Amino acid sequence: MTAYRPGIEAEACAVIADAAARGTPLCIAGGGTKAEIGRPAQGEATLSAAGLDGITLYEPAELVIAARAGTPLAEIERTLAEKNQRLPFEPPDHRALLGSAGEPTIGAVAAANLSGPRRIQAGAVRDSLIGVRLVNGRGEVVRSGGRVMKNVTGLDLVKLMAGSWGTLGLITEVTFKVLPEAERVATLLLPGLDDARAIEALCAAVASPFEVTGAAHLPVALGQEARTLIRIEGFSFSVDYRLGELRRLLRRFGAAEVLEGAVADALWCAVRDAMPLAEPRDKVLWRISTAPKRGPALALSIAQRLEARWFYDWSGGLVWLATEPSGDAGAAVVRAAVKQAGGHATLIRAPAEVRAAVEVFEPLPEPLMRVTRDIKAAFDPARIFNPGRMYAGI
Amino acid sequence: MTIAFPTPDATILARREDILRGLSRLVAPEALIVSEDERRAFETDGLTAYRKLPLAVVLPSTTEEVAAVMRFCHENRVKVVPRGAGTSLAGGAIAQEDAIILCIAKMNRVLAVDFENRTARVEAGITNLAISQAVAHEGFFYAPDPSSQLACTIAGNIAMNSGGAHCLKYGVTTNNLLGVTLVMNDGTVVEIGGEHLDSPGYDLLGLICGSEGQLGVVTEAVVRILRAAEGARPALMGFETVEDAGACVAAIIGAGIIPVAIEYMDRPAINICEAFAHAGYPLDVEAMLIIEVEGSDAECEDMLRRIVEIAKPYRPKTLKVSQSEAESAAIWKGRKSAFGATGRISDYICMDGTIPTGQLPYVLKRIDEIVTAKGLRVANVFHAGDGNLHPLILFDINKPGEMEKAERAGEEILKLCVEVGGCLTGEHGVGIEKRDLMRCQFTEAELQQQMRVRAVFDPGWLLNPAKVFPLEGRVAA
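A quick note: this is a predicted structure, and the numbers were derived from the prediction, not measured.

What counts as what
Residues numbered from 1 in each chain as written. Chains lettered and ligands numbered in written order. Predicted model: local features only at pLDDT ≥ 70, side-chain atom pairs only at ≥ 80, totals over all residues. Domains from an automatic or database assignment. Contact = placed C-beta atoms within 7 Å. Helix = DSSP H or I, 4+ residues; strand = E, 2+ residues; numbered from the N terminus. Nonpolar A, V, L, I, M, F, W, Y, C, P; charged D, E, K, R; others polar. Pairing = 2+ DSSP bridges.

Take the domain arrangement of chain B next. Taken domain by domain, chain B consists of domain 1 (10-103), domain 2 (110-227), domain 3 (232-338) and domain 4 (346-429). Placing a centre on the C-alpha atoms of domain 1 of chain B and another on those of domain 3 of chain B gives a separation of 44 Å.

Right under this line is the structure:
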């Protein structure tokens, strides 16, 4: 298979214009670490953004960073850390989960729109993504958004690109809003709660005025005592005060322990990356978004029909669920439960043959599927970008 | 009068009686406004210099009625201009003789509030403030707070992706919207999003938000509600130079502090507001900041102490940290009355470009030069943390040619915003006001790409058609 790795955007435009003229489908790639997410794409050549590299703008006082799409995420995070700043949405690193190697790129962070625990307080990738530059399926450069935080000029194509998994265009540059790193981080740990009580505690914490930035529950079925985690970040003075208030607020859920430093950081990384369900490796993994309070009932209804283990992030609104790869990998049961509760499910990890046979992303009702097909055609009339990766025909 | 309107479609005008008869079969008699007198109330919005009588006004009460009207207009090729409260400063809700106004202000109920999941489902004609009021008894609020929040509807906020004074911390509409019920051009009703986070497939919610009523009509919305902070306290600082004020903002943010609001006023704005509100603003400074922090009393105290320390090297001439509710109210009173106070002394147009905050001193100097060269005056009041400028260009509508001069100055200011790396509009929207400037910010290929996406929803250009995109060079599907 031909692999294109343009070093400049103009070269990417030429490759794309040529592929469009020939009708050659392209697999769009960054570092390739998330290549196993989605339906197996039907490309005849690979177009990688990895050669489009480098930070193009960083203004700490304006809370903004821009980089070419192939810039390693690690380089972005290192650069921000030097100025005590960070990406607000806590991007997950699913390499261990997926068994992939390589360097995740910032462009793929935008294209996948996968956000970590801080999603509940600081928003998703798409909320911090304030500008994109892309090459559409005609080989034209299109910019949307910009480098300023408030911008309502024209249609917001930035949002369309976030989570489009390379199906609408090749992202060549992204601009993110960033936030200061917290002076101090502390986590309250409530041990021994069952799912329903845990989610009740998390929702109470998130509905408090204390700006909880992480709310996760690891059930007892994962092999240890159940752990309910609530994270507070901010200036030290404030963190002390808020821990005290939250402890008082959550007294009815039992005594809470305070975790700080490496142990707590490792726990949140594990939650972010879905590591509690990484093993055994043959299990498939569903990522389900629903209303927080409906999380436990949703998980339970799936468990009544499937062999499953799970944990919760986003105060119950994100359910990570592992089940058997046999048959439809639980798709029918998961989809039915999600339909009942409201929300959507993505099959994040499964063997290629499963991903080819069942829908990976939540199926859409026909009017929205029609819109999806037409938006695809509006960007990529020759249907050359990652055909079939999100939905058949897209 | 420099903004052009397309020539009304003569075949529609000729069929007016037919169209009215058709509409009358779809909604209750009191929901269809046809008389000239009553239509007059809908001839303009917040951009009052431009007025056009609509063909008719429809005031539906349900999503089904909206769908029926949309289907009828689609089949009869009648243009539809969606309208909330009509507060658009960009002319986003102004229709024309061959278009109906579909006003959803009667659909203003709260349908469900879920404090545990932190969501509220509302009909889209509800006012922005009414959402916060409906959840205030539990200490919650809806975060985006445009100045017009008493009047403006959530439907209009979604159409324009409205911001407000507190978006540095809480984001704008698109960051606080979880779902919509959308009536599409042919009357199809779709649900996008819901009570959960993030969307399956393409982010259509993000696309709808800020689409200025061109992709469909939003009849219901699910918004995120937040628990309010325990308290808030502002500090007021006056500086001798614009540069000092700008550098102070940068230093505060650089130190890792994100205040909930950083409002900026220049000398003319301070003078106007002080004369009106007697807020105790300093009259001997070039620039003034209102910086507000949130939290418990002790947290606010701690944060403001840090901020005052950071501000010292920039030699604030005035420094007032609020010590009471009454002092906080006084500090905000002048700022909140800025537009009203300006309107009392002069006609004005309010611009809305955004700039990288590092360009502040340069841009303010250039704005002054641009406006002075036209023989006019300008007052600046804006959100300094996010660079969203609101120059108020003062003019006298009774002096022939002054309004045109003000409009031209406004255009030059917006072009300047784009030149320095910003954009034409930060929160008011493009509407008709900035439509013809779109080519300053976007290339032809970029506009074509946006219009192709638009065409997915409205290939016949029937939805709010004269807005956003320059009238020449439009594409259909």
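Moving on: the domain arrangement of chain A. All names here are of chain A. The domains assigned to chain A are domain 1 (47-180), domain 2 (184-273) and domain 3 (275-357). For domain 1 and domain 2, the distance between their C-alpha centroids amounts to 29 Å. Across the boundary between the two partners, domain 1 contributes twelve residues, which contact eleven residues of domain 2. Elements supplying a minimum of two residues to the side of domain 1 that touches domain 2: α3 (95-98) and α5 (119-122). Element by element, the count of residues in the side of domain 1 that touches domain 2 is highest for α5, at three residues. Tallied by class, the residues present in the side of domain 1 that touches domain 2 amount to six nonpolar, three polar and three charged.

Chain B puts 72 residues into the contact, and the matching count from chain A is 68 residues. Of all the secondary-structure elements, those providing two or more residues to the side of chain B that touches chain A are α9 (204-208), α10 (242-254), α12 (297-311), α17 (438-441) and α18 (444-457) of chain B. Of all the elements, α18(B) adds the most residues to the side of chain B that touches chain A, at eight residues. Along the lines of polarity and charge, the residues of the side of chain B that touches chain A split into 29 nonpolar, 29 polar and 14 charged.

With that settled, consider the sheet that holds strand β1 (residues 32-33) of chain B. In a beta sheet, neighbouring strands pair by backbone hydrogen bonds and run either parallel or antiparallel. All names here are of chain B. Strand order in the open sheet made by the four strands is β1-β2-β4-β3, with mixed pairing throughout. Strands at the two margins of the open sheet, each flanked by one partner only, are β1 and β3 (79-83). In this structure, β1 lies alongside strand β2 (residues 56-58), joined through two bridges in antiparallel fashion. For Ile33, the partnering residue across the bridge sits in β2 and is Val57.

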